[in-house]
Amino acid sequence: AAEDAPATPPPVPPVGPAHPRPHTDALFAALADVTPAFGRGEVIDVNGSPVELLLVKNPMGFRLALASFPPESADTMIAIN
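Since the model is a prediction, treat every value here as computed from it, not as a measurement. (Residues numbered from 1 in each chain as written. Predicted model: local features only at pLDDT ≥ 70, side-chain atom pairs only at ≥ 80, totals over all residues. Heavy atoms only, no water.)

> Just to check I follow, could you spell out the overall build of the chain for this structure?
Across its full length, the chain holds two helices and two strands. Going residue by residue from the N terminus, the α and β elements of the chain occur as α-β-β-α. Split into buried and exposed, the 81 residues of the chain put 2% on the buried side. Accessible area of the chain: about 7,600 Å², with a carbon and sulfur share of 63%. (Helix = DSSP H or I, 4+ residues; strand = E, 2+ residues; numbered from the N terminus. Buried < 20%, exposed > 50% of the residue type's maximum accessible area, 1.4 Å probe, protein only. Areas by Shrake-Rupley, 256 points an atom, 1.4 Å probe, with all protein chains shown as cover.)

Written as structure tokens, this is what we have:
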């Protein structure tokens, strides 16, 4: 039956002179210019030590933020508003 058939994958975009793939170095350079919004992964210097600000809005975001660094190498401060 048609409902048992596997889903058709999306078409692959064309590649060629009219549709060149972006150069990897250009992509990384563009990403390096992106700055995070305040509190969203921003790193600031406090008395010579880097401090990363992680804003979370819900419990899952909180868990992901805590899991984003090894706990044995970081001091953690939690502020709730």
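> Help me out: how do you make sense of the pairing of strand β1 (residues 40-46) in this one?
Along a regular strand, successive side chains alternate from one face of the sheet to the other. Where β1 lies against strand β2 (residues 49-54), six bridges are found, and the strand directions are antiparallel. Counted as the bridge partner of I44 is V51 from β2. In this structure, the hairpin formed by β1 and β2 is closed by a connection of two residues, where N47 is found at a positive phi of approximately 50 degrees. (Pairing = 2+ DSSP bridges.)

> Would you mind going over unusual backbone geometry with me for this structure?
Excluding glycine, residues mostly carry a negative phi; peptide bonds, for their part, are mostly trans. We note that N47 has phi near 50 degrees; this positive angle belongs to a residue other than glycine. Turning to its location among the elements, N47 is positioned in the loop between β1 and β2. According to the relative accessible area criterion, N47 is exposed, its value standing at 78%.

> I keep staring at a nonpolar patch on the surface and nothing clicks. Help me out?
On the surface, a nonpolar cluster with roughly 410 Å² of combined accessible area is contributed by F62, L66, I78 and I80. Mapping F62 onto the fold places it in helix α2 (residues 59-66). Note on F62: relative accessible area 31%, which makes it partly exposed. (Patch = residues over 30% accessible without salt bridge, like charges linked within 9 Å, V, L, I, M, F, W, Y side chains within 5 Å. Salt bridge = Lys/Arg side-chain N within 4 Å of Asp/Glu carboxyl O.)

> Can you help me understand the environment of V51 in this one?
By the secondary structure assignment, V51 is in strand β2. Overall, the relative accessible area of 30% leaves V51 in the partly exposed class. Contacts of V51, omitting those with residues within four sequence positions, involve E42, V43, I44 and V46. (Contact = heavy atoms within 4.5 Å.)

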